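Architecture at a glance
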Amino acid sequence: MSFSDVERAVGPGRVGSHDELVAAVVSALEHELPKYCKRNLVQYALRPMMGRHLRGRRRPDIRLGNLVIEVEAPRSDLETGRSQLHQYMRDLASTAPWLDVVHGVVTNGIETEYYVLERGGTPQLKKEGNSLSEVMATVLVKLCADKVPVVAPEDLVEVLGVAMGLSNAVIRSLYETLRWYSDHRGAPEAARVLQLFETWRGLHASFINISKEGWDALRKLAHNLQLQIEGRDDEWLFLFAVETYLNLAIRAITLAKLGRAANSIDNFASAVSGMRHVFEPNVFEWVFDALQSQTLDAGLRQRLQQNIDALLDVIASLNLLGVAFDALREVYQNVLLREVRRSIGEFYTSDELVDETLDAAGLDDRAVRELYERWKQGMRDVVILDPACGSGSFLVAAIRRIFGAFGDKPLADVASFIEENVVGIDINPFAVEMARLNVIATISEEMRKRGGAYVPQNVRIYWADSLARVKNSESLYYKTLKIDVPALQQAIGVGRIEVPHCGGVGPLEVLDEVIRLAERGGGLGELAESIAERCRVRPDLVRQDLERLYSAVRRIFESGNGRVVAAIKNTLAVHDLLGKCSYVIGNPPWVRIHRVDANVRKYVTENYSWVGRDCAFNPGFKMTRVPFARQIDYSVAFVQRGLEFLREGGVLAYAITSQVARATYAGSLREELLRYTLLRLVDYSLYPIPLFLDAVNYPLVIAVGKSPPPRGHKVRVTVYNTGGDYRDFELE
């Protein structure tokens, strides 16, 4: 149905009600849009956006990006609709103040008026008394001439959400490709692709146990995509395909927000490779290997490329200037099902709990300005760190507070201050990508609000294990840095890397050089000579350690896991943060330690005394014939590690399980914390309102200063009851 058809239907009364006219206008839009807009944009973005107006009664009647259409009953007076349209246009301009213009149309099917609201102005009439078809021809030319703006989280969900055709096509192609490699392990690229998959699965399996409900939800999603899932291996492949899709979308959105939108996989791969300061190599880049393959089934490769190209083309056709943290959260939660997120512990912490934690830390305007002044004076101990950052909720909130501390006109170097000092770490590569985009989006948003622009230089979100320790051992002639990465032991079979170094050559330089040689092939002779000269030792003394390091790195590359070398390098960067953080904040994982991988469990209990064998409070009860299992929460190790990251006088503020206040396993934690200055306790253990999106938990907000408590110090404590009421008191 065209707009001319709508006019002809309204005249004799074949379209007689408001709802019928709305449906007819939507149908006409679907018919006419391909004349003015790109096919992929219409099919995968504009049509889904229109579809929501037919699934339920909404106001305004129709909105596509910055176009608002108000439909009145056929042949009725336009006066009421005109007034409503103007209000909807003003509301949209207020919601998205970055829009240069809002277009508005009001129609009764016969008479049609077109208005334009420019930034800071009022709706101005551009056309009146014209036919619907004439007005819409003008309006659609303007809509499609520029990128269609995404002005609300629901817009992005309609385009990228799991129920949409675009996501379904891409996920289906990704899974079918992975399944093909699983069935054709002799193909040249199969070993590399499947090893990246196994690395990803190993990281997941080390820390989580997906519940039966989680697997059931995944199988249901696969069934909706008309995919056959047989057995647990296929389920893991399917989850990997879902996260790969999200990773592609996240990176494409990041590129678009940075003005580097890529509308094809070739352009996308080139842009990602050229911006390694933003995009670290990760396990999801298996897609690049698959699309370069000449042995992958030709039909599969063609479908994979076509579907990914469609995804990238649609994202490149959208104006994503206003896309912020909440929109990305909506997409993530829509695609990765609630039951799966519950199993893998990937929840967005509610804004209220994040703010409560930062308030407990004392991260207010004064504190931010003090950090900035220390940084300007050359001090490098002003880092705000989240050691288990997930998708970046706490980092985003901290960045907003930093901008807020400087008002509407931020200092010219505030973005540099944030990049250098707001740091996140996570062992989950997908979470790292989410956090990186959220940080970039937040800085961009805050700069835009204040009339500035932002080009990222070095966003410090590390794919690494916060709990991995680096130890120095000294020989007679030089030092050896021992890097333990327990989370990668199962994934890549290498749990320790040893790097020789001395005052004349740093460990990162040595590691970088060995990585270069292992990746490209080459002998160690020149490197051994160079290090020996700079360390003032004989080459044969350092060569043996170099050969061991080279052998370990080479095994990683030969297994197809070259991209995880970044996680090992990042461990050195994490080590360098020890004693340099002014604030350690976050919501570390709440996982009973018996649920994590045995290698990780052994490493943590041996290296962190607060979760070690003697960590529990012992009341001296008589031993039972069968001892109780040790129920230690993984978050306790993050408290101990967090204090190690702090400089003297720094503050740790976490939202952790309230069980640490009373459980016997946290005896060492409670005893050790008495050596420090407890600043704040907020106990939500009885509070019935879920403080994590999609999950009910009972957290304790705790803030600790890394300094001995002064004489007469009092701790401010807040306790909530089951009714949501609270009581404040102080304890000495």
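Everything here concerns the structure above.
The present account deals with the structure reproduced in this document. (Residues numbered from 1 in each chain as written. Predicted model: local features only at pLDDT ≥ 70, side-chain atom pairs only at ≥ 80, totals over all residues. Heavy atoms only, no water.)

Topic: the overall build of the protein
In terms of regular secondary structure, the protein is built from 28 helices and 19 strands. Here the protein holds 732 residues, and 59% of them are scored as buried. Sequence-distant contacts in the protein: of pairs separated by 6 or more residues, those separated by 24 or more amount to 72%. Looking at the protein as shown, the accessible area adds up to about 30300 Å², and 47% of this sits on carbon and sulfur atoms. (Helix = DSSP H or I, 4+ residues; strand = E, 2+ residues; numbered from the N terminus. Buried < 20%, exposed > 50% of the residue type's maximum accessible area, 1.4 Å probe, protein only. Contact = heavy atoms within 4.5 Å. Areas by Shrake-Rupley, 256 points an atom, 1.4 Å probe, with all protein chains shown as cover.)

Here we look at the environment of Leu517
Following the sequence through the fold, Leu517 ends up in helix H22 (residues 507-520). Considering only alpha carbons, one finds Leu517 and Tyr550, 33 residues apart in sequence, at a separation of 8.0 Å.

Considering the sheet that holds strand E13 (residues 496-501)
If you walk across this open sheet you meet the 3 strands as E11-E12-E13, and the pairing is antiparallel. The open sheet has two free edges, formed respectively by strand E11 (470-474) and E13, since each of these has just one partner strand. Each adjacent strand pair in this sheet contributes to an overall mean axis angle of 25°, direction not counted. Of the strands in this sheet, strand E12 (479-484) and E13 touch helix H24 (residues 539-558), which is tilted by about 145° from E13. (Pairing = 2+ DSSP bridges. Axes fitted to C-alpha atoms, helices over the stretch in contact; angles between N-to-C directions.)

Re the packing of aromatic side chains
Applying the stated rule across the entire model yields 17 aromatic pairs. An aromatic cluster of three or more residues is present, and its members are Phe197, Trp200, Trp215, Trp236, Phe240, Phe284, Trp286 and Phe430. Arg469 extends its terminal NZ or CZ atom over the ring of Tyr608, reaching a point 4.0 Å from the ring centre. (Phe/Tyr/Trp six-rings, centres within 6.5 Å; stacked < 30°, edge-to-face > 60°. Lys NZ or Arg CZ within 6 Å of the ring centre and 35° of its normal.)

Quick notes on the packing of helix H9 (residues 212-224) against helix H10 (residues 231-257)
Axes are the key here: two packed helices are described by the angle between their axes and the distance separating the axes. Contact geometry of H9 with H10 gives a least axis separation of 10 Å together with a crossing angle of 70°. With respect to H10, the element H9 is oriented roughly perpendicular. Residues Trp215, Leu218, Arg219, Leu221 and Ala222 of H9 pack against Arg232, Glu235, Trp236, Phe238, Leu239 and Val242 of H10. Taken together, the residues that form the contact of H9 with H10 break down as 8 nonpolar, no polar and 3 charged. (Parallel < 35°, antiparallel > 145°, perpendicular 65-115°, else oblique. Nonpolar A, V, L, I, M, F, W, Y, C, P; charged D, E, K, R; others polar.)

Considerations on the side chain of Thr480
Mapped onto the elements, Thr480 comes out in strand E12. A residue is classified by how much of its surface remains accessible, and Thr480, at 8% relative accessible area, is buried. Apart from the residues within four sequence positions on either side, Thr480 is in contact with Lys471, Asn472, Ser473, Glu498, Val499, Pro500, His501 and Asp545.

Things to note about the state of the cysteines
Summed over the entire model, instances satisfying the criterion amount to 2 disulfides. Covalently, Cys37 is tied to Cys144 through a disulfide, its sulfur atoms 1.5 Å apart. Here Cys144 lies in helix H5 (residues 132-145) and Cys37 lies in the loop between helix H2 (18-32) and helix H3 (39-55), a separation of 107 residues in the sequence. Side by side, Cys37 and Cys144 carry an identical accessibility label, which is buried. Shown here is the disulfide that connects Cys502 with Cys535, its sulfur atoms set 1.9 Å apart. The sign of the -90° torsion about the S-S bond sets the Cys502-Cys535 disulfide as left-handed. Of the two residues, Cys502 is situated in the loop between E13 and H22 and Cys535 in helix H23 (residues 525-535); the sequence distance between them amounts to 33 residues. The buried category is assigned to Cys502, whose relative accessible area is 14%. When the bonded cysteines of the protein are counted from the start of the sequence, the pairing works out to 1-2, 3-4. (Disulfide = S-S within 2.5 Å.)

A few points about the sheet that holds strand E10 (residues 461-463)
The mixed open sheet is built from 9 strands, whose spatial order is E10-E9-E8-E14-E15-E17-E16-E18-E19. Single-partner strands in this sheet number two, and they are E10 and strand E19 (726-731). Sheet twist, expressed as the mean angle between neighbouring strand axes with direction ignored, is 15°. Where strand E8 (residues 383-386) lies against strand E14 (residues 581-586), 3 bridges are found, and the strand directions are parallel. Counted as the bridge partner of Val383 is Cys581 from E14. Lying on the sheet, helix H20 (residues 429-449) is in contact with strand E9 (422-426) and E10; it crosses E10 at an angle near 170°. Its contacts with the sheet put helix H27 (residues 635-645) on E8, E14, strand E15 (646-657) and strand E17 (699-705), and the angle it makes with E15 is roughly 160°.

Structural notes on helix H18 (residues 393-405)
End to end, H18 covers 19 Å across 13 residues, agreeing with the expected 18 Å (1.5 Å per residue, within 8%). In terms of residue burial, H18 counts as a mostly covered element, since 11 of its 13 residues are buried. Of the positions making up H18, those classed as buried are Ser393, Phe394, Leu395, Val396, Ala397, Ala398, Ile399, Arg401, Ile402, Phe403 and Ala405. Looking one or two residues past H18, Gly407 carries a phi angle of roughly 75°, positive in sign. (Expected span 1.5 Å × (residues − 1).)

Considerations on the nonpolar core
Buried together is how nonpolar side chains tend to be arranged in soluble globular proteins. Leu29, Leu33, Leu160 and Phe238 are the most contacted members of the largest nonpolar core, which totals 207 residues. Element by element, the count of residues in this core is highest for H10, at 16 residues. Look past the residues within four positions of Leu33 in its chain and what remains in contact with it is Val42, Leu46, Met50, Leu64, Leu140, Leu143 and Cys144. In this structure, Tyr634, Leu643, Tyr676 and Val717 belong to the second largest nonpolar core, which totals 41 residues. (Core = buried A, V, L, I, M, F, W, Y, C linked by side-chain atoms within 4.5 Å.)

Concerning unusual backbone geometry
Of note in this structure, Arg75 is not a glycine but carries a positive phi near 65°. Topologically, Arg75 is positioned in the loop between strand E2 (67-71) and helix H4 (79-95). By relative accessible area, which is 48% here, Arg75 ends up partly exposed. Positive phi, normally seen in glycine, also occurs at Arg536, with a value near 60°. By relative accessible area, Arg536 is classed as exposed at 79%.

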